[in-house]
Amino acid sequence: TQTFRITKIYKVGDHYEAIATIFQNFCGYGSDGRARYCDTTRKNIKIYIIPEKTYEDGELKTYWTVKFGDVDVAETKGR
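Calculation criteria
Residues numbered from 1 in each chain as written. Predicted model: local features only at pLDDT ≥ 70, side-chain atom pairs only at ≥ 80, totals over all residues. Heavy atoms only, no water. Helix = DSSP H or I, 4+ residues; strand = E, 2+ residues; numbered from the N terminus. Rg over C-alpha atoms; globule rule 2.2 N^0.38 Å. Contact = heavy atoms within 4.5 Å. Areas by Shrake-Rupley, 256 points an atom, 1.4 Å probe, with all protein chains shown as cover. Lys, Arg positive; Asp, Glu negative; His and termini not counted. Charge placed at Lys NZ, Arg CZ, Asp CG, Glu CD. Buried < 20%, exposed > 50% of the residue type's maximum accessible area, 1.4 Å probe, protein only. Polar contact = N/O pair within 3.5 Å; in protein donor to acceptor, adjacent residues only side chain to side chain. Phe/Tyr/Trp six-rings, centres within 6.5 Å; stacked < 30°, edge-to-face > 60°. Salt bridge = Lys/Arg side-chain N within 4 Å of Asp/Glu carboxyl O.

(A) Quick look at the overall build of the chain. Helices and strands together make up the secondary structure of the chain, namely 0 helices and 4 strands. Ordered by position from N to C terminus, the α and β elements of the chain give β-β-β-β. Its C-alpha atoms give the chain a radius of gyration of 19 Å, more than 25% over the compact-globule value 12 Å for 79 residues. The principal-axis extents of the C-alpha atoms in the chain amount to approximately 60 × 30 × 15 Å. Within the chain, contacts between residues separated by at least 24 positions form 39% of all contacts whose residues are at least 6 apart in sequence. Summing over all exposed atoms, the chain offers an accessible surface of approximately 6,000 Å²; the carbon and sulfur share of this is 50%. Side-chain charges in the chain split into 13 positive and 11 negative, and the spacing between the mean points of these groups amounts to 9 Å.

(B) Region of the structure containing the environment of arginine 36. Tracing the sequence through the fold places arginine 36 in strand β3 (residues 35–56). The contact partners of arginine 36, leaving out residues within four places of it in the chain, are Gly28, Tyr29 and Gly30.

(C) Seen up close, the side chain of threonine 41. When you line up the elements, threonine 41 lands in strand β3. We classify threonine 41 as buried; its relative accessible area is 11%. Side-chain polar atoms of threonine 41 contact the side chain of threonine 76, separated by 3.2 Å. Leaving out residues up to four positions away in the same chain, threonine 41 has contacts with Ile22, Phe23, Gln24, Val73, Glu75 and Thr76.

(D) Broad picture of the packing of aromatic side chains. What the rule picks out here adds up to 2 aromatic pairs. Here phenylalanine 26 and tyrosine 37 contribute two aromatic rings whose centre-to-centre distance is 6.4 Å and whose plane-to-plane angle is 50°, an arrangement assigned as tilted. Remark: tyrosine 37 occurs in strand β3 and phenylalanine 26 occurs in strand β2 (residues 15–29); sequence separation between them is 11 residues. For phenylalanine 26, a relative accessible area of 45% gives the class partly exposed.

(E) Structural view of the pattern of salt bridges. Following the criterion strictly, the structure yields 5 salt bridges and no others. The shortest N-O distance in the salt bridge between lysine 61 and glutamate 56 comes to 3.9 Å. Since its relative accessible area comes to 28%, lysine 61 is described here as partly exposed. On the basis of relative accessibility, which here comes to 33%, the residue glutamate 56 falls in the partly exposed class.

(F) Local environment of the environment of glutamate 59. In this fold, glutamate 59 is placed in strand β4 (residues 59–78). Taking the C-alpha atoms as reference, glutamate 59 lies 31 Å from glycine 69; in sequence the two are 10 residues apart.

Pasting the structure below:
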């Protein structure tokens, strides 16, 4: 799997949302070890980027939590 891009980053209330596009490769092999089927699927994943505040050593620090939402299969191409 490889990440292609993260786009459409926008603020919603106290957090951010974005879309990550990834490509997932798949190959199915026969008992002889030869590839019988291969494809590449492009997926768009909704991402939530949430600031989290915590005290560490008496100092207020901000961390970012990333959560994944809906996954949309945009396209599958055989190879």
